[in-house]
Amino acid sequence: MEYFWEANLVKNILKRILISIPVLIGVVLIIFIMLRVVPGDPVTTMLGEHVNQTVIDKISKEMGLDKPLYVQFFTYISHAIRGDFGTSYRMNRNVTGIILDAFPNTVRLAVCAAVVSWIVGIAAGIFAAVNKNNILDRLFMGGALLGVSMPVFMIALVLQYLFAYKLKIFPVSGYETAASMVLPSIVLGWNSAGSIARMTRSNILEVMQEDYIRTARAKGLLEFAVMKSHALKNAMLPVVTMMALQISSMLSGAVITENIFGIPGIGRLAVNAIETRDMPLLQGTVIFTTILVIFGNLIADSLYSILDPRIRKEI
């Protein structure tokens with residue numbers, strides 16, 4: 001039976017990967033077309049405005065920009081499959097190498113933000129559920145609502161003003177030291193912490209109404225033991241799925257945080273690529289982040305099916 005479930009799990013993962021391929025190709029096609037219809041010549045942007053037209057035409061031909069769009073697209077796809085996303089116009093370096101150099105900084109930020117959001121979110125959700133409808137519940141859920149509602153840039157500016165400019169506890173920007181990662185981690189994890197807190201609270205309150213919880217209480221178990229051994233285990237299943245999805249969203253959505261705090265990650269690369277109209281670099285960052293999101297969804301689905309026996313039977 002266990003072998004049968006494992007085989008079906010692998011089959012389900014492969015199926016989702018196959019489904020993701022057209023999505024990835026669609027993303028590449030959309031970003032490819034959008035960058036080509038935006039006014040402006042990438043060669044002129046790269047070399048400057050005061051360049052002879054003959055030189056521009058020569059370089060455009062060398063880069064293959066004089067060919068029809070469909071030829072450029074299929075050429076790009078054929079190279080991208082091999083991991084070659086082209087050469088950056090501005091940096092004159094392989095895009096794959098640039099992304100891989102910046103990726104560890106984004107991972108570092110995302111992991112720190114995830115730890116903050118998980119610890120704060122789960123703790124706040126549990127405390128709010130245990131103290132249902134009293135002042136602590138309202139306080140924690142109010143903070144969670146504030147975290148979900150406030151824009152990232154607003155949180156960043158407030159924290160920078162209070163803790164960096166006024167109190168001078170943390171650096172305003174940077175990524176070299178542990179202290180410099182505190183504020184960006186809180187900023188990026190704030191919204192996720194609010195979502196986790198709200199889901200944790202609602203799941204615990206829902207699970208606490210189940211028959212097996214009443215049975216555990218009838219056996220004389222203390223409320224702490226009921227919460228720890230019975231309620232939390234089942235209430236955390238959807239939360240674990242959300243946590244796995246948040247990792248991929250943090251990896252792909254740290255654009256604002258990285259730019260505000262001067263962290264040279266993938267998000268900052270994407271913004272710089274937009275500003276300089278560096279098409280290969282922008283395409284590479286978009287494709288890479290799309291792959292991260294797809295991979296995060298696969299991990300979340302797999303974790304949920306592993307943790308919940310009911311899902312195993314349905315696979």
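Residues numbered from 1 in each chain as written. Predicted model: local features only at pLDDT ≥ 70, side-chain atom pairs only at ≥ 80, totals over all residues. Heavy atoms only, no water.

## Looking at the side chain of threonine 96
What counts is decided by this rule: To qualify as a helix, a DSSP run of H or I must reach at least 4 residues; to qualify as a strand, a run of E must reach at least 2; elements of each kind are numbered from the N terminus. Relative accessible area decides the class of each residue, using a 1.4 Å probe on protein chains only: under 20% of the type maximum gives buried, over 50% gives exposed, and in between gives partly exposed. Polar contacts here mean pairs of N or O atoms no more than 3.5 Å apart (in protein, one a potential hydrogen donor and the other a potential acceptor; neighbouring residues in sequence count only if both atoms are side-chain atoms).
Tracing the chain through its elements places threonine 96 in helix 5 (residues 95–130). Classification of threonine 96 as buried rests on a relative accessible area of 18%. A distance of 2.6 Å separates a polar atom in the side chain of threonine 96 from the backbone oxygen of glycine 83.

## Digging into the layout of surface pockets
For the record, the criterion: For cavity detection a 1 Å grid was placed over the protein atoms alone, and a set of points counts as a cavity when a 1.4 Å probe fits there but cannot get out; an open set counts as a pocket when protein lies on both sides within 12 Å along at least five of seven lines, with lining residues being those that have an atom within 4 Å of a point. Grid points are joined across faces, edges and corners, and a volume is the space filled by probe spheres set on the points. Ten residue types, Ala, Val, Leu, Ile, Met, Phe, Trp, Tyr, Cys and Pro, are classed as nonpolar, four, Asp, Glu, Lys and Arg, as charged, and the remainder, Gly among them, as polar.
Within this model, the largest pocket holds a volume of roughly 550 Å³. Along the wall of the largest pocket there are 22 residues; nearest its centre are Met63, Tyr76, Gly86, Thr87 and Pro280. For the lining of the largest pocket, a count of residues per class yields 9 nonpolar, 9 polar and 4 charged.

## Some points on the pattern of salt bridges
Quick note on the threshold: Should a side-chain nitrogen of Lys or Arg be within 4 Å of a carboxyl oxygen of Asp or Glu, the pair is scored as a salt bridge.
Tallied over the entire structure, the rule returns 2 salt bridges. Salt-bridge contacts for arginine 93 lead to aspartate 101; the nearest nitrogen and oxygen are separated by 2.6 Å. The partner of aspartate 137 in a salt bridge is arginine 201, with the nearest N and O atoms 2.8 Å apart. Note that aspartate 137 is positioned in helix 6 (residues 135–149) and arginine 201 in helix 8 (residues 182–207), a separation of 64 residues in sequence. A single burial state applies to aspartate 137 and to arginine 201, both of which are buried.

## Describing the UniProt feature "transmembrane region" (unreviewed entry) in the protein chain
What counts is decided by this rule: UniProt positions are given in the numbering used here, feature names are shortened, and annotations may be inferred rather than shown by experiment.
Those places that UniProt annotates as "transmembrane region" (unreviewed entry) correspond, in this numbering, to residues 17–38, 107–130, 142–163, 169–191, 235–256 and 286–307. The annotated region residues 107–130 carries 100% helix and 0% strand content, and the separation between its end C-alpha atoms amounts to 34 Å. Taken end to end, residues 142–163 is 91% helix and 0% strand, and its first and last C-alpha atoms sit 22 Å apart.

## Thoughts on the packing of aromatic side chains
Selection criterion: Note on aromatic pairs: the rings of Phe, Tyr and Trp (six-membered ring only in Trp) are paired at centre separations within 6.5 Å, and the planes decide the class, stacked below 30 degrees, edge-to-face beyond 60, tilted for the rest. Here, over-ring charges are defined by two tests on the NZ atom of lysine or the CZ atom of arginine: distance to the ring centre within 6 Å, and angle to the ring normal within 35 degrees.
On inspection of all chains with the given rule, the structure shows 6 aromatic pairs. Taking the centre distance of 6.3 Å and the plane angle of 45 degrees together, the rings of phenylalanine 32 and tyrosine 76 count as tilted. One end of the pair, phenylalanine 32, is in helix 1 (residues 2–37); the other, tyrosine 76, is in helix 4 (residues 69–81), with 44 residues separating them in the sequence. Summarising the burial analysis for this pair, phenylalanine 32 and tyrosine 76 share the class buried. Both rings, one in phenylalanine 127 and one in phenylalanine 140, keep their centres 5.9 Å apart while their planes meet at 20 degrees; by these two values the pair is stacked. Here phenylalanine 140 lies in helix 6 and phenylalanine 127 lies in helix 5, a separation of 13 residues in the sequence. Take phenylalanine 127: its relative accessible area is 47%, and that puts it in the partly exposed class. Owing to a relative accessible area of 26%, phenylalanine 140 belongs among the partly exposed residues under this scheme. A connected cluster of aromatic rings, assembled from ring pairs, spans Phe32, Phe73, Phe74 and Tyr76. Taking the ring centre of tyrosine 165 as reference, the NZ or CZ of lysine 168 above it sits at 5.7 Å.

## Observations concerning the environment of asparagine 259
By the element assignment, asparagine 259 lies in helix 11 (residues 255–261). Along the primary structure asparagine 259 and valine 271 are separated by 12 residues, whereas in three dimensions their C-alpha atoms are 8.1 Å apart. A distance of 2.7 Å separates a polar side-chain atom of asparagine 259 from the backbone oxygen of valine 255.

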